[in-house]
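# Observations on the model geometry
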Amino acid sequence: QVQLVESGGGLVQPGGSLRLSCAASGNIFTIYAMGWYRQAPGKRRELVATITRRGGTNYADSMKGRFTISRDNAKNRMYLQMNSLKPEGTAVYYCKIEDNLSREYWGQGTQVTVSS
């Protein structure tokens, strides 16, 4: 089994910052792609950012310049630095990984609330 645990969510004021972490453990041989997604109430889950094993990144247009995705392959961890947060950033943030056999795994999510 593979376990993904997100952490770092919480309540932050507009314009503030948060750093999310995703820790992967269990029966993992090699993690290839990793990514962050989010789902706001009443909306579909959407891409935030992805990162390849070699560090190539991709961001949703609305996150570019404000969010930074990174990973530590040795520790099977991924991070998301979120700056200049906006109220529309309120959502549950999920991490996803894809292993060397193209299997996908999702975490349980961490709540981020951007409000004054």
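Provided above is the structure to which this section pertains.
Bear in mind that the values here come from a model prediction, so they are computed numbers and not experimental data.

### Things to note about the side chain of Lys96
Turning to its location among the elements, Lys96 is positioned in strand β9 (residues 91-99). Within the local environment of Lys96, its side chain forms a polar contact with the side chain of Glu104, the two groups lying 3.4 Å apart. Setting aside residues up to four positions removed in sequence, Lys96 forms contacts with Leu4, Ala33, Met34, Gly35, Tyr37, Glu104, Tyr105 and Trp106.

### Describing the pairing of β9
Of all nine residues in β9, seven are buried; the element is thus mostly enclosed. As defined by bridge partners, β9 adjoins strand β10 (residues 104-106) across three bridges and the pair is classed as antiparallel. Across the sheet, residue Glu98 finds its bridge partner in β10, namely Glu104. Hairpin connection from β9 to β10: four residues lie between these consecutive antiparallel strands, with Ser102 at a positive phi of about 65 degrees.

### Looking at the environment of Ser7
Looking at the element boundaries, Ser7 is found in strand β1 (residues 2-7). For the pair formed by Ser7 and Ser21, sequence separation is 14 residues and the distance between their alpha carbons is 5.2 Å. The residues touching Ser7, leaving out its near neighbours within four places in the chain, are Arg19, Leu20, Ser21 and Thr110.

### A look at the state of the cysteines
If you walk through the whole model with that rule in mind, you get one disulfide. With its sulfur 2.1 Å from that of its partner, Cys22 forms a disulfide with Cys95. Between Cys22 and Cys95 the disulfide shows an S-S torsion of about 50 degrees. By sign, it is right-handed. Taken together, the residues Cys22 in strand β3 (residues 18-26) and Cys95 in strand β9 connect sequence positions 73 residues apart.

### Examining the pairing of β3
The sheet contact formed by β1 and β3 spans six bridges and is antiparallel. Bridge pairing in β3 links Leu4 to Ala24. Examined bridge by bridge, β3 and strand β8 (residues 77-82) share six bridges and lie antiparallel to one another. Residue pairing across strands places Ala23 opposite Arg77, the latter belonging to β8.

### Let's talk about unusual backbone geometry
Positioned with a positive phi, Ser84 is a non-glycine residue whose angle comes to about 50 degrees. At Ser102, a position not held by glycine, the phi torsion is positive, near 65 degrees.

### Observations regarding the side chain of Glu6
Position of Glu6 relative to the elements: it lies in strand β1. For the buried residue Glu6, which engages in no salt bridge, the nearest side chain bearing the opposite charge is Arg45, 7.5 Å off. There is a polar contact of 3.2 Å between the side chain of Glu6 and the backbone nitrogen of Gln108. A polar side-chain atom of Glu6 sits 2.9 Å from the main-chain amide nitrogen of Gly109. Setting aside residues up to four positions removed in sequence, Glu6 forms contacts with Ser21, Cys22, Trp36, Tyr93, Tyr94, Cys95, Gly107, Gln108, Gly109 and Thr110.

Quick notes on the rules
- Residues numbered from 1 in each chain as written.
- Predicted model: local features only at pLDDT ≥ 70, side-chain atom pairs only at ≥ 80, totals over all residues.
- Heavy atoms only, no water.
- Helix = DSSP H or I, 4+ residues; strand = E, 2+ residues; numbered from the N terminus.
- Polar contact = N/O pair within 3.5 Å; in protein donor to acceptor, adjacent residues only side chain to side chain.
- Contact = heavy atoms within 4.5 Å.
- Buried < 20%, exposed > 50% of the residue type's maximum accessible area, 1.4 Å probe, protein only.
- Pairing = 2+ DSSP bridges.
- Disulfide = S-S within 2.5 Å.
- Lys, Arg positive; Asp, Glu negative; His and termini not counted.
- Salt bridge = Lys/Arg side-chain N within 4 Å of Asp/Glu carboxyl O.

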